[in-house]
Amino acid sequence: MENHLKRMREDRGWSQGELARRLGVSRQTINAVEADKYDPSLPLALRMAKLFGVNVPELFVDHWEPEEA
């Protein structure tokens, strides 16, 4: 899964710590999500998208496609 969290965070001039504070999570969580080492829970992904004013698929891109039957 690809995410645009770092770009969106940097566009607002926020540090990882600032974003973490706004979301109520640790800076390490933000670091892990940005480094593609951790996929956030659905509630956290929804909060992130709401904070940035985008839909979840604009923030987290899943390139998976189902096999054709």
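Residues numbered from 1 in each chain as written. Predicted model: local features only at pLDDT ≥ 70, side-chain atom pairs only at ≥ 80, totals over all residues. Heavy atoms only, no water.

1. Examining the overall build of the chain
- What the chain contains, in helices and strands, is 5 helices and 2 strands.
- Ordered by position from N to C terminus, the α and β elements of the chain give β-α-α-α-α-α-β.
- Projected onto its principal axes, the C-alpha coordinates of the chain cover approximately 45 × 25 × 20 Å.
- Taking all contacts inside the chain whose residues are at least 6 apart in sequence as the whole, residues at least 24 apart take part in 53%.
- Accessible area of the chain: about 4,800 Å², with a carbon and sulfur share of 48%. (Helix = DSSP H or I, 4+ residues; strand = E, 2+ residues; numbered from the N terminus. Contact = heavy atoms within 4.5 Å. Areas by Shrake-Rupley, 256 points an atom, 1.4 Å probe, with all protein chains shown as cover.)

2. Observations concerning the packing of helix α2 (residues 16-23) against helix α3 (residues 27-34)
- Relative to each other, α2 and α3 sit at 110°, their axes nearing to 8 Å. As far as their axial angle goes, α3 and α2 are roughly perpendicular. As α2 runs across α3, the sense of the crossing is right-handed. On the side of α2, the interface is formed by Gln 16, Gly 17, Leu 19, Ala 20 and Leu 23, while α3 contributes Arg 27, Ile 30, Asn 31 and Glu 34.
- Here the residues of the contact of α2 with α3 are counted per class, giving 4 nonpolar, 3 polar and 2 charged. (Axes fitted to C-alpha atoms, helices over the stretch in contact; angles between N-to-C directions. Parallel < 35°, antiparallel > 145°, perpendicular 65-115°, else oblique. Left-handed = near helix turned anticlockwise from the far one by under 90°. Nonpolar A, V, L, I, M, F, W, Y, C, P; charged D, E, K, R; others polar.)

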